[in-house]
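These are the residues of each chain, in order.
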Amino acid sequence: MGQAAAPLEAMVAGGGRLPRHVAIIMDGNGRWAKKRLLPRMAGHRKGIEAAKAVVRAAGEFGLEVLTLYAFSTENWSRPAEEVGELMGLLRHFIRADVAELAENGVQLRVIGDYRALAPDLVKLIDEAVEKTASNTKTTLVIALNYGSQAEITQAVRDLASDAAEGRIDPVAITAEHVTARLETSDWPAPDLLIRTSGEQRLSNFLLWQAAYAELLFVDTLWPDFGRAELKAALDQYARRERRFGGL
Ligand code: IPE
Ligand code: IPE
Ligand code: MG
């Protein structure tokens, strides 16, 4: 723990670059459990452990921002029992684990409509966000009840009402205006977006923000993802050539 960015950059093949912002679609908890003939919940529990290890490693490697997709707007369509268990795990994580992360300089932020969750959970989240607000090492962004289309729709609605009320000329609206109205406006766009478990889709995650992200799909199931897997992903990233439309 506590290593700065420099040692990793030196370790990375070819002295490549370190992403500022890594976003992860944590997928495969259910399959991890199924392979072991365990209930899906066991996979989710192990998934929390993986998330904690990855947050620690992100701090160690010097990432500025780590965004983890924890619950999508579409995940409400799962059986009520599983949704309840996921909320229980989240409650436990905020209560028990955020303090440790905070001691390690992690700032907690949330994107998504988390205010639609149970009132006690909303309160716990607000308290944790407030408690960690002055931490500057790594920002952990948890996407909770998050859906990219809902987020973009809200931004469009805000711009439309600004236009309707004469605060902005519709022809003057730029991509930057949209970016600034997204919930992620405090952070740089993700440089690297990882999805575990072999699925190759974005599932309504950061659709706008990932316009130029490097995408990495790995077969590892989320509960098996940890420091070594994050390191391997950062090595891969360092070997990629980003062009942004240029030559
Ligand atoms: C990811 O694992 C966790 C959440 C979406 C909350 P899954 O629960 O989607 O696991 P699989 O895809 O069924 O294996
Ligand atoms: C995406 O995983 C959402 C999260 C990781 C929170 P899902 O397992 O819900 O995605 P689909 O249904 O396979 O696209
Ligand atoms: Mg899944």
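Each remark here, short or long, concerns the structure printed above.
To keep things clear, this report deals only with the structure shown in the data block. (Residues numbered from 1 in each chain as written. Chains lettered and ligands numbered in written order. Predicted model: local features only at pLDDT ≥ 70, side-chain atom pairs only at ≥ 80, totals over all residues. Heavy atoms only, no water.)

## Considerations on the overall build of the chain
Thinking step 1. Regarding its fold elements, the chain presents nine helices and six strands.
Thinking step 2. Computed over the C-alpha atoms, the radius of gyration of the chain is 18 Å, within 12% of the 18 Å expected from 2.2 N^0.38 for a compact globule of 247 residues.
Thinking step 3. Its C-alpha atoms give the chain principal-axis dimensions of roughly 60 × 50 × 35 Å.
Thinking step 4. Within the chain, the fraction of its 247 residues that count as buried is 48%.
Thinking step 5. Sequence separation of 24 or more characterises 77% of the internal contacts of the chain that already satisfy a separation of 6 or more.
Thinking step 6. Put simply, the chain shows about 12,100 Å² of open surface, and 53% of that area lies on carbon and sulfur atoms.
Thinking step 7. Here the chain holds 30 positive side-chain charges and 33 negative ones, and the gap between their average locations is 5 Å. (Helix = DSSP H or I, 4+ residues; strand = E, 2+ residues; numbered from the N terminus. Rg over C-alpha atoms; globule rule 2.2 N^0.38 Å. Buried < 20%, exposed > 50% of the residue type's maximum accessible area, 1.4 Å probe, protein only. Contact = heavy atoms within 4.5 Å. Areas by Shrake-Rupley, 256 points an atom, 1.4 Å probe, with all protein chains shown as cover. Lys, Arg positive; Asp, Glu negative; His and termini not counted. Charge placed at Lys NZ, Arg CZ, Asp CG, Glu CD.)

## As for the site of ligand 2
Thinking step 1. Lining the immediate environment of ligand 2, one finds Ile25, Met26, Asp27, Tyr69, Ala70, Phe71, Ser72, Asn75, Arg78, Arg195, Arg201 and Ser203.
Thinking step 2. Note that an oxygen atom of ligand 2 is positioned 3.2 Å from one of the side-chain N or O atoms of Asp27.
Thinking step 3. One of the side-chain N or O atoms of Asn75 is found 2.9 Å from an oxygen atom in ligand 2.
Thinking step 4. Relative to its unbound accessible surface of 390 Å², ligand 2 loses 78% to contact with the protein.
Thinking step 5. Considering every element that reaches the shell around ligand 2, the biggest residue donor is strand 2 (residues 65-72), with four residues.
Thinking step 6. For the shell around ligand 2, the per-class residue count stands at five nonpolar, three polar and four charged. (Near = heavy atom within 4 Å. Polar contact = N/O pair within 3.5 Å; in protein donor to acceptor, adjacent residues only side chain to side chain. Nonpolar A, V, L, I, M, F, W, Y, C, P; charged D, E, K, R; others polar.)

## Some thoughts on the pattern of salt bridges
Thinking step 1. On inspection of all chains with the given rule, the structure shows 23 salt bridges.
Thinking step 2. One salt bridge in this structure joins Asp27 and Arg195, with 2.8 Å as the shortest N-O distance. Of this pair, Asp27 sits in the loop between strand 1 (21-25) and helix 2 (29-35) while Arg195 sits in strand 5 (residues 192-195), and the two are 168 residues apart along the sequence.
Thinking step 3. For Asp27, a relative accessible area of 16% puts it in the buried group.
Thinking step 4. By relative accessible area, which is 5% here, Arg195 ends up buried.
Thinking step 5. Across the pair Arg115 and Asp126 runs a salt bridge, and its minimum N-O distance is 3.2 Å. Linking Arg115 in the loop between strand 3 (106-111) and helix 6 (119-131) with Asp126 in helix 6, this pair joins segments that are 11 residues apart in sequence. (Salt bridge = Lys/Arg side-chain N within 4 Å of Asp/Glu carboxyl O.)

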